[in-house]
Amino acid sequence: MEMRFGLLLITFLFFTVQPAFSQVEITGVVLNNENGETLPSATILLEGTYRGTITNLEGHFSLSVEELPVTLTFRYIGFNSASVEVTEQTTFPLEVTLSPSVEELDEIVVTERDPGLSIMERVIARKQIWRSGLENYRVEAYTRQSLSSDTAIVSISESSSMAYWHSDHGHREVQLSARQTSNLSEDQNFAGVRYLPNFYDDDIEIAGYRVVGITHPNALRYYHFRLLETSVMDGKPVYKIEVKPRRQRQPLFEGVAYVLGRDYALLEVDLKPNDVVNFPPPVQDFDLAYKQQFSNYGGDYWLPVDMRIDGRIKIGMVGLRFPAMNFRQVSRLSGYEINGSIPDSIFADQRWFTRADSLDQKPELTEIEQIPLTMEESRAYETIDSTKTIEEAFRPEGFLARMIDSDDDRDGGDGLLGLNRVIPRGVAPRARFNRVDGVHVGLNYTRRFSEVGLQLKSFGGYSFHSEYWDYGISITQRLLRVGNSSLLLMGGYENSTDTMYPSKLYSTGLSSIVVLFGGEDYFDYFRNEKMYGGFKLRRFLPRTDFSVSLNRELHRSFGDLEIRDYSLFDRHDTRRENPLIEEGTLHSLNFELGYNLSSNNLGFAGRRQFKISAEFSDDALGSDFNFAKYDFTLDWNFDTFYQRRLFANTLDIHFSAGTSTGKLPLQRFGSIDGAKTIFSPFGTLRSRKSLPYIGNRYWLITVEHNFRTIPFELIGLTPLVERGWGIIIFGGAGQTKADGSSYPSDLFVTDGVHSEAGISLNNVFGVMRIDFAKRIDQPGFFMGLSVPRYF
């Protein structure tokens, strides 16, 4: 479980990698001729072509050519380039030495404008000229990606692919071949170039952030550029430019860029994102560094030669710590075909990444040349086997680790507290406590038959105070599947304690905890014997479901049952009575339409969903009740400020409303949730304490804006920023009505419109949010806790 999370998070944060060719293989090493040290990531270009490669971390390279003789040009920043003719008489491996270039120490004239600004202005202007003529390209790519702990390489994945870029359609990649260490499966090989940053682009996607590039037309508004030094390479000046952000709250880069004078083109960048590019807890440490070289191959266009990425991430929270994960990627791009004809099928497919064997029209298979493995990488391939899993390498520590690892076989598969030994698969305990049933215990059972699309659920349990049994069974059978759409048959029977009004946020289990600790019982209860059957059309439109069902329910009150006053710490002689309901048989027809529906996350993350439901009951259906009931719920999340950040400021809106015609029984009333003692998640009226509002007509709107860490950044409270603490402002208003003279006078209805506003301190210690709410329509104040809003 933890490794799936770690792998997906690392792949999302760091992006991906590439592979290589061969006929006549030229091998060698590139050295500093002054001290004999190897030169890692030196560029080797095949003269007269768009082909080349780079050296590995140990200075070694290999390059395959169709025939000899050829001339290779070796380039390394800070050194004079060298050209080597390779003939059939040449012996391999080559040993190529480069001489350090002489640094120019011309006197720098101090002015108000740093020369680095003028240099980068020319780089940007030249880019606009040549980039306007670049329509598309095809390039062969090789990528190698390694994941390591602080002590050893854990896994390696490699990929050879054909990459395509079009000025209008973006990137596509077709993987030709791949290999990986034996502890990875093919579907865990994420190596590729589809997310490869090109630092000549105006905007660059980094770990989900959209960052202004250093050659953006308006880059001088976002960056300080300062000339650090000037050296000479091949008779041309090379300027080393310091890059620093001008804006402190926008994701930008910092580091150095090397510019080739006279051509005013980027030769190489060595950049890392600024501190704004970060992630909230449980991510504790996050570092990324990018290096990329460029060449025009003697032509008009300056294109990426490589991409080197080094990253480190550490994840942890109270009671749970993962070892640091180190990521390294090297990608080589070679064999560019500029402004040529690209098959329409490449961009007709909306997928960024495909495998060659899945295409009807396959690209010409080319053996794409690799960057030589280092000695450490070679040993990793030799020594890593399928037993050395990534899960084992990054196994967490802490008292919560065993809970995460509950399904692991390391301890004999016992699971948390050894319960897997005694509880069969599919069986789960059920328990609750309330003032009517007292203690209720039982079991739930779920069984899925995936091959035939069948799911069975059943439950049973006993309530020791009310002395009632709960039991039931439900069946869901897939009748038809077409693409992503399916038609389901649903049916079931249950006889159990039910709540008189629904809650969109709270379960009876959560209410049980509150009651046990002496708090107010949130719900009222009745007995419901229910049979139902219907159909559900799942995904008949994208993310959209529709269902229709027919219900038969027998509703009974608990009568004069004595209220259970027990709690763990004291007795409550003042617990309220459980009201009587209008008993009878209810037959109803139900419809529900839902878009993008997801389970309630208590405000942990924003949602974009809506649901419309309707229920019709009439004596024509054999019902003792005559009514029509309509409900609507909407949750929507919007990005507002700082949208270039991975986690922009957000505005979240919840709206719900319901109405009815006819005589709606109490047990079908709608509700507006209030705070549950001190617990106050998004979607509640926080200053309504311990109980909901109910009614046969109701509406509620709650809104909150998450400023994240921005307010603390503005006032310079860096320790809070580093811990991810943030500010949320919120407000809400709602109203319920019980229209009709036959309803009791003591119902929980609003006195007019209940309105409130407040502020929250978010992500406190990474695990909570502190809410402060002031009631507006009348005196009232609330302070409570809820789950932090992360997304």
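See above for the structure.
Residues numbered from 1 in each chain as written. Predicted model: local features only at pLDDT ≥ 70, side-chain atom pairs only at ≥ 80, totals over all residues. Heavy atoms only, no water.

A. The overall build of the protein, seen in detail. Regarding its fold elements, the protein presents 11 helices and 43 strands. In terms of principal-axis extent, the alpha carbons of the protein reach across some 105 × 60 × 50 Å. Taking all 791 residues of the protein together, the buried fraction comes to 50%. In the protein, once contacts between residues fewer than 6 apart in sequence are set aside, the share between residues at least 24 apart is 64%. As displayed, the protein has an accessible area near 37,300 Å², and 53% of this comes from carbon and sulfur atoms. Taking the average place of the 82 positive charges on the side chains of the protein and the average place of its 103 negative ones, the gap between the two points comes to 5 Å. (Helix = DSSP H or I, 4+ residues; strand = E, 2+ residues; numbered from the N terminus. Buried < 20%, exposed > 50% of the residue type's maximum accessible area, 1.4 Å probe, protein only. Contact = heavy atoms within 4.5 Å. Areas by Shrake-Rupley, 256 points an atom, 1.4 Å probe, with all protein chains shown as cover. Lys, Arg positive; Asp, Glu negative; His and termini not counted. Charge placed at Lys NZ, Arg CZ, Asp CG, Glu CD.)

B. Structural view of helix α9 (residues 508-516). Listed as buried for α9 are S511, S512, V514 and V515. For α9, the buried positions fall inside an angular range of 165° around the axis, keeping them on one side. Backbone geometry just downstream of α9 places G518 in the positive-phi region, at approximately 95°. (Arc of directions from axis to C-beta.)

C. Spatial organisation of the packing of aromatic side chains. For the coordinates displayed, the defined rule picks out 30 aromatic pairs. With a centroid separation of 5.4 Å and an interplanar angle of 50°, the aromatic rings of Y50 and Y297 are classed as tilted. Placement of Y50 in the loop between β2 (43-46) and β3 (52-54) and of Y297 in the loop between β18 (283-295) and β19 (303-304) is noted, with a sequence separation of 247 residues between them. With relative accessibility at 12%, the residue Y297 sits in the buried group. (Phe/Tyr/Trp six-rings, centres within 6.5 Å; stacked < 30°, edge-to-face > 60°.)

D. Spatial organisation of unusual backbone geometry. Residue P69 is bonded to the preceding L68 through a cis peptide linkage, with omega at 5°. Residue placement: P69 occurs in the loop between β4 (60-65) and β5 (70-75). Looking along the chain, the bond that leaves F92 and enters P93 is cis, with omega of 5°. As for its placement among the helices and strands, P93 is situated in the loop between β6 (82-86) and β7 (94-98). A positive phi angle is found at N596, which is not glycine, with a value near 55°. Mapped onto the secondary structure, N596 falls in the loop between β31 (584-595) and β32 (609-617). By relative accessible area, N596 is classed as partly exposed at 25%. For N763, which is not a glycine, the phi torsion comes out positive at approximately 65°.

E. Expanded view of the nonpolar core. Grouped together as the largest cluster of nonpolar side chains are 90 residues, with contacts concentrated most on F199, I214, Y223, F225, V259 and L266. Discounting chain neighbours no more than four positions away, the residues touching V259 are I119, M120, V123, P237, V238, Y239, I241, Y264, A265 and L266. In terms of nonpolar packing, the next biggest core, distinct from the first, is built from 23 residues, M500, L505, F558 and L586 among them. (Core = buried A, V, L, I, M, F, W, Y, C linked by side-chain atoms within 4.5 Å.)

F. View of the pattern of salt bridges. Summed over all chains, the structure comprises 39 salt bridges. Note that D150 and R312 form a salt bridge whose closest N and O atoms lie 2.8 Å from each other. One end of the pair, D150, is in the loop between β9 (136-148) and β10 (153-166); the other, R312, is in strand β20 (residues 306-317), and 162 residues separate them in sequence. Classification of R312 as partly exposed rests on a relative accessible area of 25%. It is possible to trace a salt-bridge network through shared partners that takes in D652, R686, E704, R769, D771 and R789. (Salt bridge = Lys/Arg side-chain N within 4 Å of Asp/Glu carboxyl O.)

G. Focus on the sheet that holds β2. Strand order in the open sheet formed by 4 strands is β3-β2-β5-β6, with antiparallel pairing between adjacent strands. Whereas interior strands pair on both sides, the edge strands pair on one side only; in this sheet they are β3 and β6. Within this sheet the neighbouring strands show an average axis-to-axis angle of 20°, counted without direction. Alignment of β2 against β3, held across 3 bridges, turns out to be antiparallel. The residue of β3 that forms the bridge with I44 is T53. (Pairing = 2+ DSSP bridges. Axes fitted to C-alpha atoms, helices over the stretch in contact; angles between N-to-C directions.)

H. Up close: the pairing of β10. Most of β10 sits out of view: 14 of its 14 residues are buried. Two strands pair when backbone bridges link them, and β9 and β10 are joined in this way by 13 bridges, in the antiparallel orientation. Looking at the pairing, Y142 lines up with S160 of β10. Between β9 and β10, which pair antiparallel and follow one another directly, the connecting turn spans 4 residues. With 10 bridges connecting them, β10 and strand β11 (residues 170-180) associate as antiparallel partners. Counterpart to W165 in the pairing with β11 is H171. Between β10 and the antiparallel strand that follows it, β11, lie 3 residues.

Worth remembering: the numbers are spatial, not functional.
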